[in-house]
Amino acid sequence: DTIIQLALEQMNLRLRNEAPFSDTTGHPVDIQLCLASVDPFGNATSGITRRQNALAVHTWNQELAVKALDRWDPYLYANVWLVRTITDAGVDGYSSFPSNAGDAYDGVVMEAQYLLDNYLLTHEFGHYFGLFHTFQWGCPNDDCTMNGDAECDTPPDYYSPSFYCMDNSCTTDLDDTTGLSPFSADVAALPNYMDYTSC
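Residues numbered from 1 in each chain as written. Predicted model: local features only at pLDDT ≥ 70, side-chain atom pairs only at ≥ 80, totals over all residues. Heavy atoms only, no water.

(A) Representation of the overall build of the protein chain within the structure. On a plain count of helices and strands, the protein chain comes out with three helices and five strands. When the elements of the protein chain are put in sequence order from the N terminus, they spell out α-β-α-β-β-β-β-α. Over its C-alpha atoms the protein chain spans a radius of gyration of 18 Å, differing by no more than 12% from the 16 Å that the globule rule assigns to 199 residues. With the C-alpha coordinates of the protein chain rotated into their principal frame, the extents come out at 55 × 35 × 30 Å. Taking all 199 residues of the protein chain together, the buried fraction comes to 39%. When the accessible surface of the protein chain is totalled, it reaches about 11200 Å², and 54% of it is carbon and sulfur. Distance between charge centroids for the protein chain: 16 Å, based on 7 positive and 28 negative side chains. (Helix = DSSP H or I, 4+ residues; strand = E, 2+ residues; numbered from the N terminus. Rg over C-alpha atoms; globule rule 2.2 N^0.38 Å. Buried < 20%, exposed > 50% of the residue type's maximum accessible area, 1.4 Å probe, protein only. Areas by Shrake-Rupley, 256 points an atom, 1.4 Å probe, with all protein chains shown as cover. Lys, Arg positive; Asp, Glu negative; His and termini not counted. Charge placed at Lys NZ, Arg CZ, Asp CG, Glu CD.)

(B) Broad picture of the packing of aromatic side chains. A full pass over the atoms with the stated rule returns nine aromatic pairs. Both rings, one in Tyr119 and one in Tyr193, keep their centres 6.0 Å apart while their planes meet at 45°; by these two values the pair is tilted. Of the two residues, Tyr119 sits in the loop between β5 (108-111) and α3 (120-128) while Tyr193 sits in the segment after α3, which places them 74 residues apart along the sequence. For Tyr193, a relative accessible area of 27% gives the class partly exposed. In this structure an aromatic cluster arises from ring pairing among Phe97, Phe132 and Trp137. Above the plane of the ring of Phe21 lies Arg14, whose end atom (NZ or CZ) is 3.9 Å from the centre. (Phe/Tyr/Trp six-rings, centres within 6.5 Å; stacked < 30°, edge-to-face > 60°. Lys NZ or Arg CZ within 6 Å of the ring centre and 35° of its normal.)

(C) Local environment of the sheet that holds β5. On the basis of which strands lie adjacent, the open sheet formed by three strands has the order β2-β5-β4 and mixed pairing. Where the open sheet ends on each side, the last strands, each with one partner, are β2 (80-83) and β4 (93-95). Ignoring strand direction, the axes of neighbouring strands in this sheet form an average angle of 15°. Most of the contacts of α3 go to β4, to which it runs at about 20°, and overall it touches β2, β4 and β5. (Pairing = 2+ DSSP bridges. Axes fitted to C-alpha atoms, helices over the stretch in contact; angles between N-to-C directions. Contact = heavy atoms within 4.5 Å.)

(D) Local environment of α3. Within α3, nine of the nine residues are buried, which leaves the element mostly enclosed by the surrounding structure. All of the buried residues in α3 are Leu120, Leu121, Thr122, His123, Glu124, Phe125, Gly126, His127 and Tyr128. Of the surrounding elements, those touching the buried residues of α3 are α1 (2-16), β2, β4 and β5. One or two positions beyond α3, positive phi appears at Gly130, with a value near 105°.

(E) Main features of the environment of Asp142. You can see Asp142 is positioned in the segment after α3. Separated by 34 residues in the primary sequence, Asp142 and Val108 have C-alpha atoms spaced 32 Å apart. For Asp142, the residues in contact, after removing those within four places along its chain, are Asn147, Asp176, Thr177 and Thr178.

(F) Broad picture of the environment of Phe125. Relative to the elements of secondary structure, Phe125 occurs in helix α3. The spacing of Phe125 and Asp23 is 102 residues in sequence and 19 Å in space, taken between C-alpha atoms. Residues contacting Phe125, with those up to four places away along its chain left out, are Met11, Leu33, Ala78, Val80 and Val108.

These figures capture arrangement, not role.
Okay, structure coming up:
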């Protein structure tokens, strides 16, 4: 329980852009998550339930089975399932998008070992709130509302293991002529929880 509470506290500090996770290029987000104090039946709860199940080690195509194990009304709760291993997906976690609100896919799944001192929970909640990877559509940048991660405050980005924090993976920042891009020069990647680099 303590690890889960600390992980939630760390994510909230990241969302507020507060120390020790603050960055001068970051901005606070007016979202704060907490553990539920009332369960779907109106009873007091810690907000944490546990199930011993073989799906603690599961494959990508077992997502719905994992999420069906213990699901609270997704219109009232943000459900998070912690598992031991996601075996075949090459990921440590995954999340639904807002388009899945209320359906069987709604929620976040992640490997429990990454709860502390890792930004994975924040990254997956970014998807849950509708954010794409910074490198989602690569370097083309004709319209910052449609290209890259479809957020104009993020410069175009191309993920590659050879690119590290603050490298410039795209030189197309100024290609956007919509007037919506805030960049007046080609800039290096900015720290972003939706990237895969150390930024």
